[in-house]
Each structure stands twice: as C-alpha cells, then as structure tokens.
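An overview of the molecular structure
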Amino acid sequence: RRMEQQAVRVHAIVEERVQQQLDTILAVEMDKVRALVEERVQGRIRQVVQREVHTTVCEMQVRLAVMARENERLQTALLEQLEQSEVSLRSLFWPVSPSTTGFVSRFMKWLWHCCHRIFKLFVWFFGFVDTPQENRLDGLRARMEALRHAVSEFQESGATSGDEGGGASDVPEMPQSMRRHLLM
C-alpha cells in the first residue's frame, strides 16, 4: 500500500513537472507566434502606408505641375498687359511732357492747371483745408471727454433703474447726448 501511495505521489509529481514544462513551452511558442503575427501585420501596414504616400506624392506632383504651367501663363499674360499699359501710359502723358509743342499739349497743360485751381478753390470754399495737428487733437480730446461723460451718465442711470432684476426690458434707453456723441 505504501508503495502504491508513493507511486501515486511520484506519478502526481511527474505529471505536475510535465505540465509546468508544457506550459513553459506553450508560453514560449505563443510569444513566437505573437511576434510573427505582429511582424506580418506591421509589414502589411507598412506596404499600405507606402502605397498611400506614393499615390499622394504623385497626385501632389501632378497638381504642382499644373500650377506651375498656370503660373507661367499668368506671368506671360501679366507681362503682355504691362507692355500694353506702358504704351497706353506713354500715349496719355505724351501731350503733357515739357518737350512737346502744339495745340494739344498746350490745351492739356491748361486743362491740368484749371482742374488744379478749381480743386483748391473747392477745398477752401467748403472748409476742407487741413487744420493743424493741435486743433485736430483738441477736437478729438473734446469728443472723447463728451463720450466718457455720456457713458458715465448711461451707467449711472442703468445702476439706479436696473436694481430690480429682471430681463432685457429693464435695460435703460441710451441717452440722447450719448447717441449724438457716438454718431459724431
């Protein structure tokens, strides 16, 4: 009986060791399979990404080539337009040049002189004469001070009538003086 118990115990110990070795071998093999599968998946992902990058680069090269051709066409058109405008500008200012003589050039000079004088008269008559910088700043300061005063009045009237709480109907109306200064 003892021998049987010992045999059963030895058999259980051997079985346990065999199971441990099998588990170890299985774990090692599972790691190898997992590494192999990950390597294959990464390789396929690399291929897909490389294909996508390649097609994107090819599309961008085609777009760049189209844009370069369009740019060249636009540059050519711009140069042609500049040449035409230069000729037009020369023909426009030719009569006014000091070296020209004749009726057309004298008439153009006289017309330019008259327009210039009429413009100066208009500016003087309607008061568009440039005021000195100090007068402009003084006027601006006065308007800003009036605006500050109107805003403080508006805030004070809003603080006294807006204490009840409520909605948008409690907002006081903008004073007339503030409206006038905002519209200046």
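Residues numbered from 1 in each chain as written. Predicted model: local features only at pLDDT ≥ 70, side-chain atom pairs only at ≥ 80, totals over all residues. Heavy atoms only, no water.

**Concerning the overall build of the protein**
In terms of helices and strands, the protein carries 4 helices and 0 strands. Looking at the protein residue by residue over its 184 residues, the buried ones come to 4%. In the protein, the share of contacts with a sequence separation of at least 24, taken over all contacts with a separation of at least 6, comes to 30%. When the accessible surface of the protein is totalled, it reaches about 17,000 Å², and 62% of it is carbon and sulfur. (Helix = DSSP H or I, 4+ residues; strand = E, 2+ residues; numbered from the N terminus. Buried < 20%, exposed > 50% of the residue type's maximum accessible area, 1.4 Å probe, protein only. Contact = heavy atoms within 4.5 Å. Areas by Shrake-Rupley, 256 points an atom, 1.4 Å probe, with all protein chains shown as cover.)

**Some thoughts on the confidence of the model for the protein**
Within the protein, residue pLDDT values average 76, and 66% of them lie at 70 or more. Across the protein, the secondary-structure element scoring lowest on mean pLDDT is helix H4 (residues 176-183), at 52, and the one scoring highest is helix H1 (residues 2-93), at 89. Here residues 163-171 is modelled with pLDDT under 50, and outside its nearest four sequence neighbours on either side it reaches 2 contacts, counting other chains as well. (pLDDT = per-residue confidence, 0-100.)

**Examining the pattern of salt bridges**
Once their charged atoms are close, side chains differing in charge can pair, the charge on each being opposite to the other. This structure, assessed with the given rule, holds 3 salt bridges. Residue Glu-70 is joined to Arg-73 by a salt bridge in which the shortest nitrogen-to-oxygen separation is 3.0 Å. Residue Glu-70 and its partner Arg-73 are located together in helix H1, separated by 3 residues, close to a single helical turn. (Salt bridge = Lys/Arg side-chain N within 4 Å of Asp/Glu carboxyl O.)

**So, a nonpolar patch on the surface**
On the surface, Val-33, Val-37, Val-41, Ile-45, Val-49, Val-53 and Val-57 cluster together into a nonpolar patch covering about 560 Å² of accessible area. Its place among the elements puts Val-33 in helix H1. Judged by relative accessible area, which is 48%, Val-33 ranks as partly exposed. (Patch = residues over 30% accessible without salt bridge, like charges linked within 9 Å, V, L, I, M, F, W, Y side chains within 5 Å.)

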